[in-house]
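Structural description and commentary
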Amino acid sequence: MPRVLHTAQALVDIIVEVDALPERGGNTNARSEQRYAGGATTILISAARTGASAVHGGAHGTGPNGDLIRAALERDGVLIADTPRTSADTGYCLVMLEPTAERTFLTVYGAERDVTAESFARLDPQPGDLLCVSGYTLFEPTREPLLQFLDTLPPGVEVVLDPGDAFAQFPRELQDRVLSRTTVWTSNAHEARAVSGIDALVDTPLALRRRMAPRSVIIVRDGSRGCLVFHHGRGTHIPAFPQRAVDTNGAGDTHTGVMLAERALGADWESAATRANAAAAIAVTRRGPESAPTRAEVDEFLA
């Protein structure tokens, strides 16, 4: 069975709930604080809870943050391809969560940036595997190791790009180098518009497709409206299951992890996206990025 592999950074998410963000130079009080395994772990845990084999290929630190990440992955049976770094702890992302479920982020780097092409290669990707790449890994110092690793992939490995807000900031040459290796694009509507330069969401997949590898698939999430799945020259709208959100942190990654797991298990793209929409709908009713449902919970929700 194909595996879901991830090259991106696993970080600890420190989520503080605030009534509102302070003005610049101001102050506010947090109503609560919770620590979760975040970053790449959300996609991997979502895939594992769906029933796929999942492996993380990024670096982990030695310390309380690294321990938290490894424990979270191991609880759900996610394998770890690399060994812990003894020189530093894993970094973290401070997430300020407002009552509207809007989030503001501040990231502090750590050992997760200590990667090489050789350390990524411990994932040992095989034809059919779904290899996840994040736009945030294209910042230095992780950019060149990732690009070198992508150049060594055997034919048949599906490269899944989750661009994030970062990807649109990079030079066109760098974008094209990554897109030429990408066979699956998964993003939200804002990210698709930013990279394609097109406002009409229905037209963004075709614009992206022209810059990607042959026979590519584009999935664009559009919040409570669902997602668009574009492949074989046509797009299909997959309706969402709107819920009253309490925390949107990790919902997009849950969608990606479940969708890729369903593909690894043999589902077509439209069926995989339907189950991913359901999983994301469940996730936003729970707090924290480790909120992905199990396969049985998605079955019950859809029933």
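Here's what I pulled together on the structure shown here. (Residues numbered from 1 in each chain as written. Predicted model: local features only at pLDDT ≥ 70, side-chain atom pairs only at ≥ 80, totals over all residues. Heavy atoms only, no water.)

1. Observations concerning the sheet that holds strand S2 (residues 10-18)
Strand order across the open sheet formed by four strands is S3-S2-S6-S7, with mixed pairing between neighbours. Of all strands in the sheet, those bounded by a partner on one side alone are strand S3 (30-39) and strand S7 (103-108). Pairs of neighbouring strands in the sheet enclose a mean axial angle of 20°, with direction left out of account. Of the pairings in the sheet, the one linking S2 to S3 comprises nine bridges and is antiparallel in character. Within S3, the residue paired with Glu17 across the bridge is Ser32. (Pairing = 2+ DSSP bridges. Helix = DSSP H or I, 4+ residues; strand = E, 2+ residues; numbered from the N terminus. Axes fitted to C-alpha atoms, helices over the stretch in contact; angles between N-to-C directions.)

2. Some thoughts on the packing of aromatic side chains
The tally for this structure, following the rule as stated, stands at five aromatic pairs. Relative to Phe149, the ring of Phe120 has its centre 5.6 Å away and its plane inclined at 35°; by these criteria the two rings are tilted. Taken together, the positions of Phe120 in helix H3 (residues 117-121) and Phe149 in helix H4 (residues 143-151) put the pair 29 residues apart, joining distant regions of the chain. In terms of burial, Phe120 and Phe149 fall into one category: buried. Considering the side-chain rings of Phe167 and Trp185, the 6.3 Å spacing of their centres and the 80° angle between planes classify their relative orientation as edge-to-face. Placement of the pair is Phe167 in the loop between strand S9 (158-162) and helix H5 (172-179) and Trp185 in strand S10 (residues 184-188), with a sequence separation of 18 residues. Both residues of the pair, Phe167 and Trp185, count as buried. Directly above the aromatic system of Tyr109 lies the positively charged group of Arg113, at a separation of 4.0 Å from the ring centroid. (Phe/Tyr/Trp six-rings, centres within 6.5 Å; stacked < 30°, edge-to-face > 60°. Buried < 20%, exposed > 50% of the residue type's maximum accessible area, 1.4 Å probe, protein only. Lys NZ or Arg CZ within 6 Å of the ring centre and 35° of its normal.)

3. Quick word on the sheet that holds strand S8 (residues 130-134)
One open sheet holds the nine strands; their spatial order is S5-S4-S1-S8-S9-S10-S11-S12-S13, and the pairing between them is mixed. Two strands in the sheet have a free side with no partner beyond their single neighbour: strand S5 (79-80) and strand S13 (234-238). One ladder, built from two bridges, connects S9 with S10; its direction is parallel. Across the sheet, residue Leu161 finds its bridge partner in S10, namely Trp185.

4. Points about the environment of Ala54
Assignment of secondary structure puts Ala54 in strand S4 (residues 54-56). For the pair Ala54 and Leu5, spaced 49 residues apart in sequence, the C-alpha to C-alpha distance is 5.8 Å. In contact with Ala54, not counting residues within four places along its chain, are Val4, Leu44, Ala47, Gly77, Val78 and Leu79. (Contact = heavy atoms within 4.5 Å.)

5. Some points on the pairing of S9
Of all five residues that make up S9, four are buried, and the element is covered over most of its length. Where S8 meets S9, five bridges bridge the pair, whose relative direction is parallel. When the sheet's bridge partners are listed, Val133 is paired in S9 with Leu161. Between S8 and its parallel partner S9, the chain crosses via H4, and the hand of that crossover is right-handed. In this view, the connection linking S9 to its parallel neighbour S10 by way of H5 has right-handed handedness. (Right-handed = clockwise from strand over helix to strand, strands pointing away.)

So yeah, pure geometry; function would need other evidence.
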